[in-house]
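Now for the letters of each chain:
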Amino acid sequence: MAWQRKILRVDLTAGTCTSEALNMDWAMAYLGQRGLATKYFVEEVAPSVEPLSPANKLIFATGPLTGTMASTGGRYSVITKGPLTGAIACSNSGGYWGAELKMAGWDMIILEGRAASPVYLHIENDTATLHDASALWGKTTWDVEPALRKIHQDSQLKISSIGRAGENGVLYAAVINDLHRAAGRSGVGAVMGSKNLKAIAVRGTKGVAGIKDPKAFMKATQAAKAVLAGNGVTGEGLPKFGTQVLMNVINEVGAMPTRNFRDVQFEGAKDISAEAMHAPRETDGKANLVTNQACFGCTIACGRISKLDQTHYTVVNKPEYWAASGGLEYEAAWALGSANGVNDLEALTYANFVCNEDGFDPISFGATVGAVMELYQMGVLTKEQLGIEAPFGSAKALTYFAECTAKGEGFGPEIGLGSKRLTAKYGHPDLSMTVKGQEFPAYDPRGIQGMGLAYATSNRGACHLRGYTVASEILGIPVKTDPLETDGKAGLVKAFQDATAVFDSAGICVFTSFAWTLVDVAPQLEAACEGDWSLDNLNVVGERIWNMERQFNNAAGFTNKDDNLPKRLLTEAAKTGPAKGLVAGLDKMLPEYYAERGWDTEGRPTATTLERLSL
Amino acid sequence: MRHLIIGNGPAGVVAAETLRAACPLDDIRLLGAEPEPPYSRMAIPYLLEGQIGESGTYLRKAPGHFEAQRIALQHGRATAIDTAARSVTLDDGSHLPYDRLLIACGSIPASPPIPGIHLPGVMTCWTMEDARRIAAAVKPGARVIQMGAGFIGCIIMEAIVARGASLTVVEMGERMVPRMMPPGASAMLRARTEARGVRVLTSTRITGIAATATGLRATTGSGETLDAEVIISATGVRPDIAWLAGSGIETAIGILVDHRLATNIDGVYAAGDCVESEEFGTGHRIVNAVQPDAVDQARIAAMNMAGRPAHLSGALQMNVLDTFGLVSVSFGQWQGVAGGARVEVDDPGAQRYLRLEFDGDLLVGASSVGHTEGVGVMRALIQSRIHLGPWKDRLLTDPTQLAAAYVARTQAA
Amino acid sequence: MMKSLHIEAAKCTGCLQCEMACSFENYGVFNPAKSRIKVFDFHETGLKVPYTCTQCAEAWCLKACPVDAITKDKSTGAMMVNEATCVGCKVCTIACPFGTINYVADTGKVQKCDLCEGSPACADACPTGAITYIDADSTGIDRMRTWAAKLENQTAGHAD
Ligand SMILES: Cc1cc2nc3c(=O)[nH]c(=O)nc-3n(C[C@H](O)[C@H](O)[C@H](O)COP(=O)(O)OP(=O)(O)OC[C@H]3O[C@@H](n4cnc5c(N)ncnc54)[C@H](O)[C@@H]3O)c2cc1C
Ligand code: SF4
Ligand code: SF4
Ligand code: SF4
């Protein structure tokens, strides 16, 4: 049994920790992690709940493959109602924390209520206790981790925590574990902060036993690892270049949103690309990239570890930033770079360090800065208000804003609202490049049409990780489709969304899907877990999870009107590149998508669909 | 070449085996005063707990091991050494000649000058014979008083409790294991001991023991009386060297040796509990009566006896103790040194303690409770004098990174 | 020719497949806490170092054991803990200066790398070739031995 069959319920208001049996009927229908935790969430929390109120809950959940030898089996997700979007939020992270929670004997933690004063949760196997965190409040995640290891005298303690951004209610605050792995999106860190919960420190020495058929499992995981090793993307591209392998590719196909989506190609892309990270710097002769790194159990190892140039203006007097730390992933490089027209690799790396250190999402942050820069160019925001001149391309403005947002100083709190609220406040809501209030990631829907539909319909707001049709439209995985074409994208998006829901619920990393399909995942699950995890059933499970999330959002007040894209993408054509002259063809794809999903024209699952999915 | 080894405890056995490997052709003779095959004193607690039988304490278990190694075992007690004639006299009056001699005769329990200490029912816990007596006397329900809560005392407590006795421990010092653990750590051991139903009296001295109709009555310095069937005296040990008087071999508390484990007399070496040697790091002379040091010394002594120069950089204090499941260790200058930095984390709730002592950027001492992973590196960091460089400050912030510091400074260079 | 584990830290990504493989091989569970090989993660430099017993020539653990519970396997050269004989006294854990023999509270005994009887599970599982099992001559264990020798400034060769 690859589940630990046990969940930890923490009532922060009452200060109690209790253990409950995992609902195995639900596990059979929703698998684990994202699916299963969302099931608990929708059963327990009213869709109308105010995200930052004590009535909202926050769930940390692992999957059945978390903490096993399945490649990438180290994932966990954080599920809540997101403060940025008001929709269901589910943010996924790697590193070592998720596996540690599983090793301690827990499948998930449900946190409810709000502590009267700052606390942290310490879990050592079966024992979970809340401790006073007043001495940790105001500290960064980088300070919290060693401090907790020292307090508990445990070198192996794994920690998930919020930085000052989460404390200060930055609406896209992240939960950071293992110094630079993040449950990054949708503001799950702000919810944690609203609960006065600073950190969850876990130590597990019980391990994961009870794999259903250990022999078959070892065989299945070995075969699946061979697939990853033999694949060009997961076997070579990602380990060598990380997700940054995409920077030049996406720029060339004209889908690189630039300067708040005014442009679709960035002239500075090569300066902030994977290749640039590998190249020796002029100043010190060293490359920005130090090495690649794996998360728990991962045989891909796409993680970037970078060291800053010690002479760079950002850190010349700050030796505390000279050590190696989590470097740029593609999405962060884009959001901090292209989205603002900034091509200073060291500045982006520094801003990324700050995002990790104080726990906020570089995508939403960078994209919000893009909107701020546009407002500055338009004269709506001034140097006096911002504290700095902030034209597109200003690295100084970017890094200054990162520091302000981290500390909650100056204009930081406004940037912390995210672009939707910020642009509305200053009278230009159309400049917010968001769906359901969440900022876009790094693919322009004018150049990759399927992504427009994926963003518009994503259950957690604009997101690339809910249906990554880039794989098909650009990389040809599993089949090549034309990125400029809208035909057939509805089915493609649905298929990606449903499959991804399974990856996210199993305990494995969605990046495996560059090489794996559910055909590779099914045998691993079948060998590990009781239940029916055949390919056919997995497709149903994925679709079920998607529709469950959709129903929650509908009940929370979202309608088909929210399955939309910003005006700019629908009316301002791409100026250059292969997509020149195109806008996002959402109007063509959306009705098809609803039909494909078995939803009515208002975007609500029909009774037949619900019945088919046993919802 | 004839090698004679007096004493067949761990030091004697390891020396004999080291000699055999180094000098395949030499004569090696191992003399032991006790009737048992070479055995290990420190396995006695496990014998008393019933985890092993007597043969479980034997230092070597393979049948015919010593014959196969061509190590001659001889029963007998050495009573005198004629270093000029290179001859040892035994208790049966016979003589054994040698070319190289190793004295590895260990220690004997101290016998505190207390009225009644020789009454039947008062026993030490040192030899196999002692173990048999304790096993016969300590039955379920028996009341036992243990005098001394030093290292050895603390080790035997659990076995006494495991035999179903009700135990009172009386210690003169102000805390348990005063010469091994700092106060914070010692308090945890006491809490754990008391939680197992053992009564612990510190800063208390037994001043007299008398026989009663049912057993024994001990009186403490404050006049309190304690009744018991058995009193175990664990008030310390001292090198067993009285018999060396007049041999010309230099002794103080123990047999004095240099870094090669050589005594002042040519061809005579000593190792194990019976020696007094320079302490690592301080230069003070100490008797370091612990098993790992005994065998290290034996190995170095044997190398020198074999004509292969080798030396120890000094005796390092190192102890590991399991107090009813609570594991504690201490190494080197765990009390700290003048002018050195210290980091100490004390978590009585979780029963975890960690303390590191530095001199400049060297680790010179360490103690911990509740830690079992990688504790061995404490020894290496101290004894190999590994400069910690930037890791010293890191350890002051997060002392749990000790093993990482060791690996970083040695393997990851 | 005896083989030994050869570790090339620069290749290690920190995936911990080796730790899981070791615990699975020896205890049938995925549990890095029970692994005999540990990957140290030096986040300041990005270096990760898999680390385990080198079956060192001094074999402090073996010599310190009071009850003969550790013996040298003739075919692999590994120091083997005989659990049935081990009384759990932990003296070996303070004697080994590498910290690579450790007490396991669950069993009341100690554990250390036993080279998996000549087919090391960790090396098998390592996806990057950071751990291999090759002829002892070509491995880097000399570096560990150098540090071992510093413990006692021994000027002569080993007796065994
Ligand atoms: C109950 C108990 C628990 C212990 N627990 C630990 C522990 O956990 N950890 C630890 O490090 N240490 C422990 N020790 C101490 C450890 O046992 C000694 O440090 C170790 O035995 C020393 O070895 P040795 O060979 O120097 O001396 P011994 O083991 O004392 O051996 C000396 C031998 O020489 C013989 N002998 C003495 N005089 C003569 C003579 N004149 N002629 C011939 N033979 C002679 C003796 O009979 C004896 O067999 C414990 C000791 C006891 C009693
Ligand atoms: S455990 Fe330590 S002393 Fe024993 S062989 Fe391994 S490295 Fe050497
Ligand atoms: S713990 Fe076991 S193997 Fe280690 S020294 Fe003690 S008895 Fe020997
Ligand atoms: S060789 Fe075997 S026992 Fe040794 S570390 Fe590797 S897997 Fe573990």
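Residues numbered from 1 in each chain as written. Chains lettered and ligands numbered in written order. Predicted model: local features only at pLDDT ≥ 70, side-chain atom pairs only at ≥ 80, totals over all residues. Heavy atoms only, no water.

**Student:** What am I meant to see in the overall build of chain C here?
**Tutor:** Within chain C one finds five helices and eight strands. Mapped from its N terminus to its C terminus, chain C presents α and β elements in the order β-α-β-β-α-β-β-α-β-β-α-β-α. Accessible surface, chain C: about 5,800 Å² in total, of which carbon and sulfur atoms supply 51%. (Helix = DSSP H or I, 4+ residues; strand = E, 2+ residues; numbered from the N terminus. Areas by Shrake-Rupley, 256 points an atom, 1.4 Å probe, with all protein chains shown as cover.)

**Student:** Would you mind showing me how to read the overall build of chain A here?
**Tutor:** Across its full length, chain A carries 25 helices and 17 strands. Relative to the globule expectation of 25 Å for 615 residues, the C-alpha radius of gyration of chain A, 22 Å, shows essentially globular dimensions. In terms of overall dimensions, chain A has a C-alpha envelope of 60 × 55 × 45 Å along the principal axes. For chain A, the residues scored as buried account for 67% of the 615 residues in total. Counted over contacts in chain A with a minimum sequence separation of 6, partners at least 24 positions apart contribute 69%. (Rg over C-alpha atoms; globule rule 2.2 N^0.38 Å. Buried < 20%, exposed > 50% of the residue type's maximum accessible area, 1.4 Å probe, protein only. Contact = heavy atoms within 4.5 Å.)

**Student:** Just checking my understanding: could you explain the packing of helix α9 (residues 390-397) of chain B against helix α10 (residues 402-410) of chain B for this structure?
**Tutor:** Helices that pack against each other are described as a pair by the angle of their axes relative to one another and the distance between those axes. All names here are of chain B. The interhelical angle for the contact between α9 and α10, taken along N-to-C directions, is 170°, at an axis separation of 10 Å. Judged by the angle between their axes, α9 and α10 are roughly antiparallel. Contact residues: α9 offers Pro390, Trp391 and Leu395, while α10 offers Leu402, Ala404, Ala405, Ala408 and Arg409. In the contact of α9 with α10, the residues fall into seven nonpolar, no polar and one charged. (Axes fitted to C-alpha atoms, helices over the stretch in contact; angles between N-to-C directions. Parallel < 35°, antiparallel > 145°, perpendicular 65-115°, else oblique. Nonpolar A, V, L, I, M, F, W, Y, C, P; charged D, E, K, R; others polar.)

**Student:** For this particular structure, what's the right way to read the interface of chain B and chain C?
**Tutor:** A common way to express how large an interface is: the accessible area buried when the components associate. On the chain C side, the residues contacting the 60 residues of chain B number 45 residues. Between chain B and chain C lies a buried interface of about 4,200 Å² when both sides are counted; carbon and sulfur atoms form 60% of it. Our enumeration of links across chain B and chain C arrives at three salt bridges. With its nearest N and O atoms 3.9 Å apart, the salt bridge here joins Arg60 of chain B to Asp68 of chain C. Residue assignment for the side of chain B that touches chain C shows that the elements contributing at least two residues are α1 (10-22), α7 (291-305), β22 (318-323), β23 (326-332), α8 (376-383), α9 and α10 of chain B. (Buried area = accessible area lost by both parts, 1.4 Å probe. Salt bridge = Lys/Arg side-chain N within 4 Å of Asp/Glu carboxyl O.)

**Student:** Where do I start with the pattern of salt bridges in this structure?
**Tutor:** Two side chains with opposite charge may pair up if their charged atoms get near one another. Throughout the structure, instances matching the rule amount to 66 salt bridges over all chains. Ionic pairing is found between Glu129 of chain B and Arg132 of chain B, a salt bridge with its closest N-O pair at 3.1 Å. You can see Glu129 of chain B and its partner Arg132 of chain B sitting in helix α4 (residues 128-137), three residues apart, about one turn around the helix. For Arg132 of chain B, a relative accessible area of 32% puts it in the partly exposed group. With its nearest N and O atoms 2.7 Å apart, the salt bridge here joins Glu357 of chain B to Arg355 of chain B. Across the pair, Arg355 of chain B and Glu357 of chain B agree in class, each one buried. Three or more residues joined by partner-sharing salt bridges are found here, namely Arg9, Glu20, Glu44, Lys57 and Glu112 of chain A.

**Student:** Help me understand the interface of chain B and chain A in this model?
**Tutor:** Of the residues lining the interface, 14 residues belong to chain B; the matching set on chain A comes to nine residues. Here chain B and chain A share an interface that buries about 900 Å² over both sides, 46% of which is from carbon and sulfur atoms. Its largest share of buried area at the contact with chain A, chain B owes to Val345, Arg352 and Thr400 of chain B, together 51% of the area lost on that side. The interface formed by chain B and chain A includes one salt bridge. Residue Arg352 of chain B is joined to Glu124 of chain A by a salt bridge in which the shortest nitrogen-to-oxygen separation is 2.7 Å. Where chain B meets chain A, there are eight residue pairs in polar contact (both at pLDDT 80 or more). Elements with a minimum of two residues in the side of chain B that touches chain A: β24 (342-347), β25 (352-359) and α9 of chain B. (Polar contact = N/O pair within 3.5 Å; in protein donor to acceptor, adjacent residues only side chain to side chain.)

**Student:** Would you explain the site of ligand 2 in this entry?
**Tutor:** Neighbouring residues of ligand 2: Cys53, Gln55, Cys56, Trp60, Cys61, Met79, Cys96, Phe98, Thr100, Ile101 and Lys112 of chain C. Classifying every residue of the shell around ligand 2 gives eight nonpolar, two polar and one charged. (Near = heavy atom within 4 Å.)

**Student:** When you look at the packing of helix α21 (residues 518-528) of chain A against helix α22 (residues 535-555) of chain A in this model, what are you seeing that I'm missing?
**Tutor:** Residues and elements named next belong to chain A. Two elements in contact, α21 and α22, have axes separated by 9 Å at closest approach and are oriented at 105°. Relative to α22, the element α21 is oriented roughly perpendicular. In this structure, α21 contributes Leu518, Val519, Ala522 and Leu525 to the contact, and α22 contributes Leu535, Leu538 and Asn539. Of the residues in the contact of α21 with α22, the class split is six nonpolar, one polar and no charged.

**Student:** What should I look at first to understand the domain arrangement of chain A in this one?
**Tutor:** All names here are of chain A. Annotation of chain A at the domain level lists domain 1 (6-203), domain 2 (245-438) and domain 3 (444-612). A straight line from the C-alpha centre of domain 1 to that of domain 2 covers 26 Å. Contacts between domain 1 and domain 2 engage 37 residues on the former and 38 residues on the latter. Taken together, the two surfaces of domain 1 and domain 2 that pack against each other cover about 2,800 Å², and 55% of this comes from carbon and sulfur. For domain 1, the biggest contributors to the area lost against domain 2 are Trp142, Tyr172 and Arg185; these three give 27% of the whole. Linking domain 1 to domain 2 there are two salt bridges. Inspection of the domain 1/domain 2 interface yields 16 residue pairs in polar contact (both at pLDDT 80 or more). Taken together, the elements giving at least two residues each to the side of domain 1 that touches domain 2 come down to α3 (97-103), α4 (141-151) and α5 (164-167). In the side of domain 1 that touches domain 2, the residues fall into 15 nonpolar, 18 polar and four charged. (Domains from an automatic or database assignment.)

**Student:** Sorry, what's going on with the nonpolar core here?
**Tutor:** Note that soluble globular proteins tend to have their nonpolar side chains buried in a common cluster. Ranked by internal contacts, the top residues of the largest apolar core, which has 185 residues, are Met108, Ile250, Phe365, Phe401 and Tyr443 of chain A. For this core, the element with the highest residue contribution is helix α20 (residues 489-506) of chain A, accounting for nine residues. Filtering out sequence-adjacent residues up to four positions away, Ile250 of chain A remains in contact with Ala255, Met256, Tyr330, Ala442, Tyr443, Ile448, Val470 and Ile474 of chain A. Core analysis: the next-biggest nonpolar cluster, separate from the first, contains 151 residues, Met123, Ala302, Phe324 and Leu402 of chain B among them. (Core = buried A, V, L, I, M, F, W, Y, C linked by side-chain atoms within 4.5 Å.)

**Student:** Whenever I open this one, the packing of aromatic side chains confuses me. Can you help?
**Tutor:** Aromatic rings considered in pairs are described by the distance between their centres and by the relative angle of their planes. Residues and elements named next belong to chain A. Throughout the structure, instances matching the rule amount to 28 aromatic pairs over all chains. Ring geometry for Tyr321 and Tyr350: centres 5.3 Å apart, planes at 70°, overall edge-to-face. Within this pair, whereas Tyr321 is found in the loop between β14 (303-306) and β15 (325-326), its partner Tyr350 is found in helix α12 (residues 345-358), the two being separated by 29 residues in sequence. Judged by its relative accessible area of 9%, Tyr321 falls in the buried class. A residue is classified by how much of its surface remains accessible, and Tyr350, at 1% relative accessible area, is buried. (Phe/Tyr/Trp six-rings, centres within 6.5 Å; stacked < 30°, edge-to-face > 60°.)

**Student:** Before we go on, may I ask you to explain α8 of chain B in this structure?
**Tutor:** The periodicity of an α-helix, 3.6 residues per turn, causes residues three or four positions apart to be oriented the same way. Residue and element names in this part refer to chain B. Of all eight residues in α8, eight are buried; the element is thus mostly enclosed. Of the residues making up α8, those classed as buried are Gly376, Val377, Met378, Arg379, Ala380, Leu381, Ile382 and Gln383. The positive-phi residue at the C-terminal boundary of α8 is Arg385, with phi of around 45°.

**Student:** For this particular structure, what's the right way to read the confidence of the model for chain C?
**Tutor:** Detailed reading of the predicted model is not advised wherever pLDDT is low. Residue and element names in this part refer to chain C. Mean pLDDT for chain C: 88, with 85% of residues reaching 70 or above. Predicted confidence is poor over residues 153-160, with pLDDT under 50, and the contacts of this stretch with residues over four places away or in other chains come to 24 contacts. With pTM at 0.93, the complex prediction returns an ipTM value of 0.94. (pLDDT = per-residue confidence, 0-100.)

**Student:** Explanation requested: the sheet that holds strand β18 (residues 255-256) of chain B in the structure shown.
**Tutor:** Within a sheet, each strand pairs with its neighbour through backbone hydrogen bonds, oriented either parallel or antiparallel. Residues and elements named next belong to chain B. With respect to topology, three strands assemble into an open sheet ordered β18-β20-β21, the strand pairing being mixed. Among the strands making up the open sheet, the edge pair consists of β18 and β21 (285-286). One ladder, built from two bridges, connects β18 with strand β20 (residues 275-278); its direction is parallel. Its bridge partner lying in β20, Leu256 is registered against Glu276. (Pairing = 2+ DSSP bridges.)

**Student:** Explanation requested: the environment of Ala607 of chain A in the structure shown.
**Tutor:** All names here are of chain A. The residue Ala607 is located in helix α25 (residues 607-612) in this model. On the basis of relative accessibility, which here comes to 63%, the residue Ala607 falls in the exposed class. Between the C-alpha atoms of Ala607 and Ala555, which are 52 residues apart in sequence, the distance is 15 Å.

**Student:** Would you mind going over helix α24 (residues 586-597) of chain A with me for this structure?
**Tutor:** Residue and element names in this part refer to chain A. Look at α24: 16 Å from first C-alpha to last across twelve residues, which is about the 16 Å you get at 1.5 Å a residue. Among the residues of α24, Leu586, Met589, Leu590, Tyr593, Tyr594 and Arg597 are the ones counted as buried. Across the axial projection of α24, the buried residues extend over an arc of 135°, all falling on one side. Relative to its buried face, α24 has exposed residues pointing more than 90 degrees away, namely Asp587, Lys588 and Ala595. Buried residues belonging to α24 abut α18 (449-457), α20, α22, α23 (567-571) and α25. (Expected span 1.5 Å × (residues − 1). Arc of directions from axis to C-beta.)

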